[in-house]
Amino acid sequence: MKNKKSRAFLKWAGGKYNLVEAITEQLPQGRKLIEPFVGAGSVFLNTDYPKYLLNDINPDLINLYNIVKTQSESYIADSATLFNAQHNQEKRYYELRDKFNRSTDIYERAVLFLYLNRHGYNGLCRYNNSGGFNVPFGRYKAPYFPEKELIFFAEKAKKATFTCESFEKTFSKARKHSVIYCDPPYAPISKTAMFNAYAKGGFTLDCQVRLAAIATRTFNHRNIPVLISNHDTEFTRSIYQDAEISTLQVSRFISQNGGNRKKAAELFALYSHTSHISK
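Residues numbered from 1 in each chain as written. Predicted model: local features only at pLDDT ≥ 70, side-chain atom pairs only at ≥ 80, totals over all residues. Heavy atoms only, no water.

Caption draft 1: Seen up close, the overall build of the protein. The number of helices and strands found in the protein is 10 helices and 7 strands. With 279 residues in all, the protein has 51% of them scored as buried. Counting contacts in the protein only where the partners sit at least 6 residues apart, residues at least 24 apart contribute 68% of the total. Summing over all exposed atoms, the protein offers an accessible surface of approximately 13900 Å²; the carbon and sulfur share of this is 50%. (Helix = DSSP H or I, 4+ residues; strand = E, 2+ residues; numbered from the N terminus. Buried < 20%, exposed > 50% of the residue type's maximum accessible area, 1.4 Å probe, protein only. Contact = heavy atoms within 4.5 Å. Areas by Shrake-Rupley, 256 points an atom, 1.4 Å probe, with all protein chains shown as cover.)

Set out below in structure tokens:
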């Protein structure tokens, strides 16, 4: 673990940059880290496993990562052209969002995805029921172009394989000396707080239950350690009852009002013989 943390090149709701130390303290050693819900990749970027299998259900995200891995120089040059005052205007943002939603070209979508991520509201990644990206304009003074973060990601990605499939399929690829870290969409703090439109279809409470069950089976029957992070609620404690549970208080926006930053408890559920939990 390096002293200086590496930031992801994407802004990401629920990203784990601020929790990297707490997560890496608990992750067992192994030859390969498997992440069924890689998101922006903060854990990947701040750990040092020999190999990585990084999955996400969002095809735009995985296509982007494969392009950054294999075509980083051209991708960085092309993406940089969209980060200027001319493109940081509401009318232009919606034109480019429409272009993204109409495009079937993977490279073009990858370039536009980074633009939308950095210029859209709060770095959200949200799609409507038709699969159209629908995050509104963010009104930032001068969105940051993450060139050095892209370069670091591209170099680190040489150790990684990126896939776009169900979390169940990713779990099935784990072998001896693998370690699995799961950062699923958060379970709701309340029944009205469901936000799961990150990829078309959403991540339901049933999905949360299935994930806990497969984590239990993977450890009990295949001896592969699994760490899961989530909100600390009665529901999550009940589904992770077979794991060793620890908690951490973190600052997070937990209401629709962006200015309402409150402490929320983060839960870690560790399925492992050799727990690294700090009491």
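Caption draft 2: Structural context of the pattern of salt bridges. Evaluated as defined, the whole model comprises 15 salt bridges. Residues Glu266 and Lys16 are paired through a salt bridge, measuring 4.0 Å at the closest nitrogen-oxygen approach. Note that Glu266 is positioned in strand β7 (residues 261-271) and Lys16 in the segment before α1 (20-26), a separation of 250 residues in sequence. The class of Lys16 is buried, set by a relative accessible area of 3%. (Salt bridge = Lys/Arg side-chain N within 4 Å of Asp/Glu carboxyl O.)

Caption draft 3: Region of interest: unusual backbone geometry. Here the phi dihedral of Arg139 falls at roughly 60°; this positive angle occurs in a residue that is not glycine. Counting through the fold element by element, Arg139 comes out in the loop between α6 (106-119) and α7 (147-156). The phi torsion at Asn223 lies on the positive side, around 60°, for a residue other than glycine. Tracing the chain through its elements places Asn223 in the loop between α9 (205-222) and β5 (226-231).

Caption draft 4: Examining the nonpolar core more closely. Counting residues in each nonpolar core, the largest one holds 56 residues, and the members touching the most others are Leu10 and Tyr65. In terms of residue count, α6 provides more of this core than any other element does, 7 residues in total. In terms of nonpolar packing, the next biggest core, distinct from the first, is built from 24 residues, Ile34, Ala174, Phe219 and Ala243 among them. (Core = buried A, V, L, I, M, F, W, Y, C linked by side-chain atoms within 4.5 Å.)

Caption draft 5: Here's a closer look at α7. For α7, the full list of buried residues reads Glu149, Leu150, Phe153, Ala154 and Lys156. Taken down its axis, α7 places every buried residue within 165° of arc, on the same side. Lining the buried residues of α7 we find α2 (42-45), β2 (51-55), α3 (59-70), α4 (72-80), α6 and β3 (160-163). (Arc of directions from axis to C-beta.)

Caption draft 6: Representation of the packing of aromatic side chains. The tally for this structure, following the rule as stated, stands at 21 aromatic pairs. Between the aromatic rings of Phe37 and Phe203, the centroid separation amounts to 5.5 Å while the plane-to-plane angle is 90°, which identifies the pairing as edge-to-face. On the criterion of sequence distance, the pair formed by Phe37 in the loop between β1 (32-35) and α2 and Phe203 in the loop between β4 (178-182) and α9 is long-range, its members being 166 residues apart. According to the relative accessible area criterion, Phe37 is buried, its value standing at 11%. Among the aromatic residues, ring-to-ring pairing joins Phe9, Phe44, Tyr49, Tyr52, Tyr65, Phe153 and Phe162 into one connected group. Just above the ring of Tyr140 sits the side chain of Lys11; from NZ or CZ to the centre is 4.0 Å. Over the aromatic face of Phe100 sits the side chain of Arg109, whose NZ or CZ is 4.1 Å from the ring centroid. (Phe/Tyr/Trp six-rings, centres within 6.5 Å; stacked < 30°, edge-to-face > 60°. Lys NZ or Arg CZ within 6 Å of the ring centre and 35° of its normal.)

Caption draft 7: Main features of α4. Listed in full, the buried residues belonging to α4 are Tyr75, Ile76 and Ser79. Taken down its axis, α4 places every buried residue within 95° of arc, on the same side.

Caption draft 8: The packing of α4 against α6, seen in detail. The interhelical angle for the contact between α4 and α6, taken along N-to-C directions, is 55°, at an axis separation of 9 Å. If you check the angle between α4 and α6, you find them oblique. Of the two elements, α4 crosses α6, and the hand of that crossing is right-handed. Contact residues: Ser74, Tyr75, Asp78 and Ser79 in α4; Tyr107, Ala110, Val111 and Leu114 in α6. Within the contact of α4 with α6, the residues separate by chemical class into 5 nonpolar, 2 polar and 1 charged. (Axes fitted to C-alpha atoms, helices over the stretch in contact; angles between N-to-C directions. Parallel < 35°, antiparallel > 145°, perpendicular 65-115°, else oblique. Left-handed = near helix turned anticlockwise from the far one by under 90°. Nonpolar A, V, L, I, M, F, W, Y, C, P; charged D, E, K, R; others polar.)

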